[in-house]
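Each chain is listed here by its residues.
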Amino acid sequence: MKQSSVYSRWILPAFLLSITAVSLASVMAGGQSSRLPEPQSGPPRWDRGPGSREQIVSTQTLNVGGAALQIDFAAGALDLPTAQILPWIERAADAVVVYYGRFPVQRARILIVPSANRSGIMQGTTWGDMRGMPGFTRIRLGQHTTVQELAEDWTMTHELIHMAFPSLPDEQHWMEEGLSTYVEPIARVQAGELQAKQIWRDMVEGMPKGEPGPGDAGIDNTHTWGRTYWGGALFCLVADVNIRKQTGNKKGLQDALRAIAAAGGSIDHDWALMKALEIGDKATGTTVLVDQYKQWSNNPMPVDLPKLWADLGISASKDGVSFKSNAPLASIREAITRR
Ligand SMILES: [Zn+2]
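Residues numbered from 1 in each chain as written. Predicted model: local features only at pLDDT ≥ 70, side-chain atom pairs only at ≥ 80, totals over all residues.

## Some points on the overall build of the protein
So, step 1. For the protein, the helix and strand inventory stands at 12 helices and 8 strands.
So, step 2. The buried share of the protein, taken over its 339 residues, is 40%.
So, step 3. Considering only residue pairs separated by 6 or more positions, the protein has 68% of its internal contacts joining residues 24 or more positions apart. (Helix = DSSP H or I, 4+ residues; strand = E, 2+ residues; numbered from the N terminus. Buried ≥ 20, exposed ≤ 12 C-beta atoms within 10 Å, placed from the backbone. Contact = placed C-beta atoms within 7 Å.)

## What to know about the environment of Lys251
So, step 1. Here Lys251 shows up in the loop between α7 (225-246) and α8 (253-262).
So, step 2. The residues contacting Lys251, other than those within four sequence positions of it, are Ile243, Thr284 and Gly285.

## Comments concerning the pairing of strand β5 (residues 121-130)
So, step 1. The element β5 is largely enclosed, with a buried count of 7 among its 10 residues.
So, step 2. Bridge count for β5 against strand β6 (residues 133-142) is 8 bridges, and the pairing is antiparallel. Paired with Trp127 across the strands is Phe136, a residue of β6. (Pairing = 2+ DSSP bridges.)

## Overview of the confidence of the model for the protein
So, step 1. With 86% of its residues at a pLDDT of 70 or more, the protein shows a mean pLDDT of 89.
So, step 2. Per-residue pLDDT stays below 50 along residues 1-47; that stretch engages in 55 contacts with residues further than four places along the chain or on separate chains. (pLDDT = per-residue confidence, 0-100.)

## Details of unusual backbone geometry
So, step 1. With a phi close to 50 degrees, Asp129 is a non-glycine residue in the positive phi region.
So, step 2. By C-beta crowding, Asp129 is classed as partly exposed, having 18 other C-beta atoms within 10 Å.
So, step 3. Non-glycine residue Asn249 carries a positive phi angle of around 65 degrees.
So, step 4. In this structure, Asn249 sits in the loop between α7 and α8.
So, step 5. Of the residues examined, Asn249 has 16 C-beta atoms within 10 Å and is grouped as partly exposed.

## Some details on the packing of α7 against helix α10 (residues 288-296)
So, step 1. Relative to each other, α7 and α10 sit at 140 degrees, their axes nearing to 10 Å. By the angle between their directions, the pair α7 and α10 is classed as oblique. By crossing handedness, the relation of α7 to α10 is classed as right-handed. Here Phe235, Val238, Ala239, Asn242, Ile243 and Gln246 of α7 come into contact with α10, specifically with Val288, Leu289, Gln292 and Trp296. (Axes fitted to C-alpha atoms, helices over the stretch in contact; angles between N-to-C directions. Parallel < 35°, antiparallel > 145°, perpendicular 65-115°, else oblique. Left-handed = near helix turned anticlockwise from the far one by under 90°.)

Next comes the structure, spelled out in structure tokens:
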């Protein structure tokens, strides 16, 4: 079982950072938080781990990209009716289908847990192979969440993308989170939900947080929030650009990720990272992923981001970004977000 959780991709207040650090440490120690006891033989049904305690008040099935998504609502007040919440889930699943060509698991459960007196998407967590369900996402949704907040949400897409990669050992948690951090905005541009300029601006702002700091011992050995989410995303961005450089922009990270998912590399399977990367490389006819992992795993490997943005034709100011179509890698930038 693998847990992936994020509070905010862009800004993490200090008080949440400590919660994340604690929960990450408990996951890495092979344990679960004390609220979520290990399933044992014979406990009451409500004690069988995440998603088993909540009283379910409504259930429906969404069929998306060849998969059946079981959407459960736990007890608790929500201002919005179900009919206004389901399109948010469907939109996120559609973006995953656009990016991967299909939904990565055949069956998944999405549990919506209302959070009293709050507004917005409070937290998302995704597990693989939970009580017979290949993918299971639990989202805590504020009681007073608005349609506008659902329209702007990235959490649901981020969580569902977790289903499209195998569960990895704790040292490579950065790959699970980095992948979702990198793919989520791209998938939403490809699905027509976001503008490319918006997500490149966010990447220009966010990617520096993934750079190695003093004393960094490589991405497999540095389990800070920045290196886990943004360091992993930086790995994906650099790999995407290098695959496209080496294949004359005919293949990208998306082709590698589709191949990994097609080979059965979904969240309900535990794999070594190298197995996934080898399948990804085979699909692009390169050795980019394996070579890059060998370099990054135990070495800091800083990235010259100002040069990368300039090569991609991205210039950022406080008003947003503008694109230069004659930059050397402009066609690669365009291909990354093209459907
Ligand atoms: Zn995540």
